[in-house]
Amino acid sequence: MSARPRPFDDPEACVDWLLETVGRNLTVGAPLGLGKPNHLLNALYARAKADPSIRLQLLTALSLDTPKASGELERRLVGPLVDRVFGDYPDLAYLADLKADRVPENIEISEFFFQPASMLGKGHAQHHYRSTNYTHAARDLLDNGVNVLMQQVAPHPDGDRVSLSCNPDVTLTLIPHVEARRAAGENIVMLAQHNDRLPYMGRDAEIDAATFDAVLTGHDFDPFAPPAMPVSDPDYAIGFHASALLADGGTLQIGIGALSDAIAYCADRRHNHNEDYRRLAARAGLTERYGRLIETHGGLAPFERGLYGCTEMFVDAYMQLYRAGVIKRRVYPDATLQRLLDADRIGERVTPDTLRTLLDEGAVARELGAADVDWLLRTGVFRAGVHLEAGELRGPDCPPHIGPDLSEPANFEAVCEHCLGDRLAGATVVHGGFFLGPRSFYDSLKDLSPEERDRFCMTAVDNINHLYGGEELRRAQRRKARFINTALKATLDGAVVSDGLENGQVLSGVGGQYNFVAQGHALEGACSILCVRAVRETGDGPESNIVWRYAHATIPRHLRDIVITEYGIADLRGKTDAEVIAAMISIADARFQDGLRAEAVAAGKLPADWRIPERARANTPDHVRELLHGADTGGAFPRFPFGTELTDEEVTLTRSLRALAALPRPRLAADALRHAGTVLRPPAAARPYLERMDLATPRNWRERALAAVVVLALARDGVLG
């Protein structure tokens, strides 16, 4: 056993060692999302907070926080839910100070991606936000002098290996740089925290335990597991349009959230309920409106070859599509094999024809050398143990005197009989950089057999988010790629807003969105699809997310490609400004179309005689609702297509109370008056909801008032009949 890593069972002792080893000026890098070692980070933050002589800079992203109640009603709703869903997940102590703007002066917390909307108006977080592409995160850590790397890992029972599990994304890129800097005399340490509750992912994510200098054990905790979000009608409509652009035998990238669940659900409908899917497509006029686009980019038929997933964020939607038989196209870690497979020149099972084709294509020499044999072993064409020795091919089942010259029929036949493997090696259905999802998602990863789990390769984000550094292979694997991402707003000229507001406040971050958009343009047969909900509901009423102009853009208009709203598809690539503007107005909500048209005409970017298409005048929420929930949809499009950890009462209460909170005061007063009778005499149907909120038998005037609010919310939402 190696002397590394040094074991600790107490976070405080580990922090003592860190300060002794590195000093009191610490620049700490920690993974985004799930992979943070919470106990180590909390102990270090508390120490720096108590000791101003310690200078602590934390560089990270996507710091995850359990839901916090902002009032008594929320506490009653959220409290039991958090205990049940998030288990013993320890909150990150620095988040409370970030959100309260009370981070001490000797500490700087800098992120390149926020939990969406969590840091609006938070001075420290906004001041120290770093706008960077995900692929540049490792570079920026190194450039800022990182001298401590911390990561949560899944330990292997043998103790010699660990899995980077949920977060090999940046760490795999950093390790060789750290080793090089150590060799040059720099003092950089790597710390791990073991967590047996993380899924153990192999392949690229499995590394030597001695990579780390120290390890904290005995502090396992439940991984952060956000419950599935409800899927709205606009999400389903967007997902339905997007699913028709997926090419069989192609590649899929999607992110987290309700919209991704909608895309996965609709792709499942296309594959496993094709008759119903085509019926909906006919009702929506999909072929009539977008026939050429669908023919070029996707289709309405089931997925015979299936899709391969290439995504920075591996989410539950991929597992659902895997179970549904949609994610099933296997890619292999060799460009030659991949091209031959896609051309149906070889199959995944190794046969004499496989070897014959490889020889004909010049993939290996007819007289095998050591490099050829190594390649055949690595790709699975040769079984383990076969090797070249003294001018002969030898192996466990090989008779003597098999020569390496395969142009000789006897040698070829002997090799086919004694040396060939069974299947090609390295089959992958999903490459992911990091993962995050509900508890059921983590359980599903753990429940896979080791062989099946290896088809899901967690790897460096550099291997996913761009092409360079392995372009030949990546181009071969990423056939017919569809990079689907979510945005907040889109301008009429095709620019897209995904991460920030006009005033400079950052909502989240660019992450990998730019990289995927760029790949959509760089790969032959690929496209970038950006999904925008056409309308945002506010306390002052509906607001269009399709706008004439916006002071901030995440994706500039010169990278415009395909934009989808719940009302349709805008194909923007290579189009003129006037064509783009017309297409965007045609997928905007009908309530805002005239205003958008007027702005474009006034700016001289749209002819004065251009008229809004009659079909687009039907772009209303009612039309979407009728399309999805008409008489012949067969009860499809549930709010939680893949289930939820919330109870029925919690789902309803969350929806109803949020809708009530969003009302402007005049509307709230009018609704309270209209439902006064129900509020004063709650029907029996209200009792399960009041019981869930511990308000079924109010004990004082305050609880009676809270119960009245709950009943009002349920009544105006139509829950009580």
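Structural data are supplied above this passage.
Owing to the predicted nature of the structure, the values given are computational and were not obtained by experimental measurement.

About the criteria used
Residues numbered from 1 in each chain as written. Predicted model: local features only at pLDDT ≥ 70, side-chain atom pairs only at ≥ 80, totals over all residues. Heavy atoms only, no water. Buried < 20%, exposed > 50% of the residue type's maximum accessible area, 1.4 Å probe, protein only. Helix = DSSP H or I, 4+ residues; strand = E, 2+ residues; numbered from the N terminus. Pairing = 2+ DSSP bridges. Axes fitted to C-alpha atoms, helices over the stretch in contact; angles between N-to-C directions. Contact = heavy atoms within 4.5 Å. Core = buried A, V, L, I, M, F, W, Y, C linked by side-chain atoms within 4.5 Å.

Draft legend 1. View of the pairing of strand β4 (residues 107-111). Counting buried residues in β4 gives four out of five residues, a clear majority hidden from the surface. Across five bridges, the pairing between strand β3 (residues 55-60) and β4 is parallel. Across the sheet, Leu59 pairs through a bridge with Ser110, a residue of β4.

Draft legend 2. Just the sheet that holds strand β23 (residues 562-565), in detail. Strand order in the open sheet formed by eight strands is β15-β14-β11-β10-β16-β19-β23-β24, and the pairing between neighbours is mixed. On the outer flanks of this sheet lie β15 (456-458) and β24 (568-571), each paired with one strand and no other. Averaged over all adjacent pairs, the angle separating strand axes in this sheet is 20 degrees, with direction ignored. Examined bridge by bridge, β23 and β24 share four bridges and lie antiparallel to one another. Paired with Ile562 across the strands is Asp571, a residue of β24. Sheet strands in contact with helix α20 (residues 513-522) are β10 (251-253), β11 (308-314), β16 (481-487) and β19 (527-532), and its direction is about 145 degrees off that of β16.

Draft legend 3. Spotlight on helix α8 (residues 233-243). Burial runs high along α8: nine of the eleven residues are buried. Buried within α8 are the following residues: Asp235, Tyr236, Ala237, Ile238, Gly239, Phe240, His241, Ala242 and Ser243.

Draft legend 4. Focus on the nonpolar core. Of all hydrophobic cores here, the largest spans 151 residues; its most connected members are Leu18, Leu191, Phe314 and Phe435. At eight residues, the largest contribution of residues to this core is made by helix α9 (residues 258-272). Apart from residues lying up to four places away in sequence, Leu18 is in contact with Gly23, Leu26, Leu44, Val148, Met150, Val189 and Leu191. Within the second largest apolar cluster, 29 residues are counted, among which are Leu341, Val364, Val373 and Ala427.

Draft legend 5. Just the pairing of β23, in detail. Across the two faces of β23 the burial is the same, with Ile562 and Ile564 and Val563 and Thr565 all buried. When β19 meets β23, the two strands line up parallel, connected through three bridges. Across the sheet, Cys531 pairs through a bridge with Ile564, a residue of β23. Hairpin connection from β23 to β24: two residues lie between these consecutive antiparallel strands.

The analysis is restricted to geometry; functional conclusions fall outside its scope.
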